Amino acid sequence: MSDWVVLTLRAALEHPLEASCIAADRLAALGEREISALPIRHDRQAGVLGDFFTVRGERAARVRVVGGLDAADGIGTGMAGGELVIEGNVGRDVGLEMSGGTVDVNGNAGVNAGGARPGATRGVTGGEVIIRGSVAGDAAARMRRGMVVVTGDAGGGTGQGMIAGTVVVFGSIAAGVGRFLKRGSIVGFRDIERPATFRYACTYQPPHLQVLFHYLRRHHGLPVADAHVTGRYHRYSGDLAELGRGEILQWAGE
Amino acid sequence: MQINGVVIEDTFAEAFTMRAARIVITGKNAKWAREAALKLTGFATSVIGCKCEAGIERELAGTETPDGRPGLAVLFLTMDKESLPQRLIERLGQTVLTCPTTACFDGLTAAPDRLAVGKALRVFGDGFQGSKVVGGRRYWRVPVMEGEFLIDETFGMQKAVGGGNFLILGEDADAALGAAEAAVGAMDPIPGVVLPFPGGVVRSGSKVGSRRYKNMIATTNDAYSPTLRAITATALPEGVNSVLEIVLDGLDAPSIEAAMRAGIQAACRPGVRAISAGNYGGKLGPHHFHLRKIMGT
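Residues numbered from 1 in each chain as written. Chains lettered and ligands numbered in written order. Predicted model: local features only at pLDDT ≥ 70, side-chain atom pairs only at ≥ 80, totals over all residues. Heavy atoms only, no water.

(A) Structural view of the interface of chain A and chain B. Contacts between the two partners involve 18 residues from chain A and, on the opposite side, 21 residues from chain B. Across the chain A to chain B interface the summed buried area is about 1400 Å²; carbon plus sulfur atoms make up 53%. On inspection of chain A and its partner chain B, the count reaches 1 salt bridge. Put simply, A:Glu247 and B:Arg141 hold a salt bridge, and the shortest N to O gap is 2.7 Å. (Contact = heavy atoms within 4.5 Å. Buried area = accessible area lost by both parts, 1.4 Å probe. Salt bridge = Lys/Arg side-chain N within 4 Å of Asp/Glu carboxyl O.)

Here it is, written out as structure tokens:
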């Protein structure tokens, strides 16, 4: 048993790599040889994980993936526990439909981070996705429970159809965020162009954000500014075309 | 045994097993956290008449609280595990929920026994309440006129010790009070302990039952009442004209012992003749704190 399982990419990926087998809880029970033998698809061709990654460590619920993973899709899919750290950029569908544990991306993520499969009624049902960069498109679509934090920018489909949970975006969010939001919170530090089906409620200091931001600082080491921790937020309720129990919280200053 | 010329009597304090919760109250500043804590712990001196005992354990810096704001830790105790959630729901709902800027958190997060206090109080939101899970803890957001009240869904409960005590036998009332104040000051920094009585001091220590009134479960401790020295079986040494009691509750016996040690040491000063303790012959409470053993270690 090791403290960490470290997967290091052997060579730059020339084609999309479907790597949904990489999830901390699944690797926790496996030895090095079993991990190397996990099925993986590269450019639609079947292969095994060991063809693309060197594997160091075994039987640990803490996994570090190293390398240029921009074309590696689906890492952390369905993860139910453990800690998965991705050193660098990652492809689409990271943390897809996960239900527990933490996925920590030290870089940018592709579309549909912390998201749902096409046509699925719900996506993430628990756990935390931390992206220390931007998301090239949507994040947290149809999330049922859990948390997605993006320290950079996010696309307009972020939080689309969210049922509950929390999304925090430090940077800018493209127009249309929160469409079809039922419950849940979308928090932004910059101006947010909301759908017309959101209605202004008040400007206040949400106490749960202070708990959340201190947690992000202490547990994940995220640089949340004091002004954002103690500041006031505009609260917009919506999506009123849906259940209307959700909220967009936009930072309004100190 | 003597400390600074003060006799430490060869006796023990008899204490009981209770159930405790630690409530963390934060506020916009320490003033508002204290306002809520004072109301919460008001009229909570003794289970005999208050159904619970409570006190402020210590102040908390922002680095110690979930929301980074200044706060206070309160220990809250009842005699049984069934009544603890009910008392908490009543009191938190009337004192902390109502207090501007405050939030309310569990201070015993590792305790396996969980009390669904926040879950019960959430219904004040009349269906408009919502929850948030942060770091595996569920918090309830209750909409109120000020904005929102935030409270942990559950609070931990653990076994605790209630009724630790010692008696300060003074030459006069001023000497006893001065020694009691010194004792309280020395016990204040000890973690895991609260002194539920006013200023931490009791002037009306009691005995079990009554000589005259059958319906009374506690009456004046006549053996330690100076005005009754001549007409009752007194326990007062010569020269003692006033007695004050320090009662303390704690999360465990070592915390009680540490606080008693600090308090008794501070109380042994000029004007104090002896330090004693209250007990019931050792037949009622499972925790016995022997004064000489505590002060000898």
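(B) Geometry of the packing of helix α1 (residues 30-41) of chain B against helix α3 (residues 83-96) of chain B. Residue and element names in this part refer to chain B. Taken N-terminus to C-terminus, the directions of α1 and α3 make an angle of 145°; their axes are 9 Å apart at the nearest point. Seen from above, α1 lies across α3 with right-handed handedness. For the pair α1 and α3, contact is made by Ala36, Lys39, Leu40 and Thr41 and by Arg91, Leu92, Thr95 and Val96, respectively. Looking at the contact of α1 with α3 residue by residue, the classes come out as 4 nonpolar, 2 polar and 2 charged. (Axes fitted to C-alpha atoms, helices over the stretch in contact; angles between N-to-C directions. Helix = DSSP H or I, 4+ residues; strand = E, 2+ residues; numbered from the N terminus. Left-handed = near helix turned anticlockwise from the far one by under 90°. Nonpolar A, V, L, I, M, F, W, Y, C, P; charged D, E, K, R; others polar.)

(C) Examining the packing of aromatic side chains more closely. Applying the stated criterion to the full structure yields 5 aromatic pairs over all chains. Between A:Phe189 and A:Phe213 the ring centres are 5.6 Å apart and the planes differ by 70°, which places this aromatic pair in the edge-to-face class. Of the two residues, A:Phe189 sits in the loop between β13 (185-188) and β14 (199-204) while A:Phe213 sits in helix α3 (residues 207-220), which places them 24 residues apart along the sequence. With relative accessibility at 0%, the residue A:Phe213 sits in the buried group. Stacked on the ring of B:Trp140, the Lys or Arg B:Arg122 has its end atom at 5.1 Å from the ring centre. (Phe/Tyr/Trp six-rings, centres within 6.5 Å; stacked < 30°, edge-to-face > 60°. Buried < 20%, exposed > 50% of the residue type's maximum accessible area, 1.4 Å probe, protein only. Lys NZ or Arg CZ within 6 Å of the ring centre and 35° of its normal.)

(D) Expanded view of the pattern of salt bridges. Under the definition given, this model contains 22 salt bridges over all chains. The salt bridge partner of A:Arg92 is A:Asp93, with a shortest N-O separation of 3.3 Å. With a relative accessible area of 39%, A:Arg92 lands in the partly exposed category. Each of A:Arg235, A:Glu247, B:Arg141 and B:Glu148 takes part in one network of salt bridges that share partners.

(E) Region of the structure containing α3(B). In this model α3(B) runs 19 Å from its N-terminal to its C-terminal C-alpha over 14 residues, within 8% of the 20 Å that 1.5 Å per residue would give. Of all 14 residues that make up α3(B), 10 are buried, and the element is covered over most of its length. (Expected span 1.5 Å × (residues − 1).)

(F) Representation of the sheet that holds strand β2 (residues 17-18) of chain A in the model. Residues and elements named next belong to chain A. Spatial ordering of the open sheet is given by β4-β3-β2-β7, a layout of 4 strands whose pairing is mixed. The sheet is open, and its two edges are formed by β4 (45-48) and β7 (72-73), each paired on a single side. Across 2 bridges, β2 lies against β7 in parallel orientation. In the strand pairing of β7, Glu18 is matched with Asp73. (Pairing = 2+ DSSP bridges.)

On their own, these measurements won't tell you what the molecule is for.
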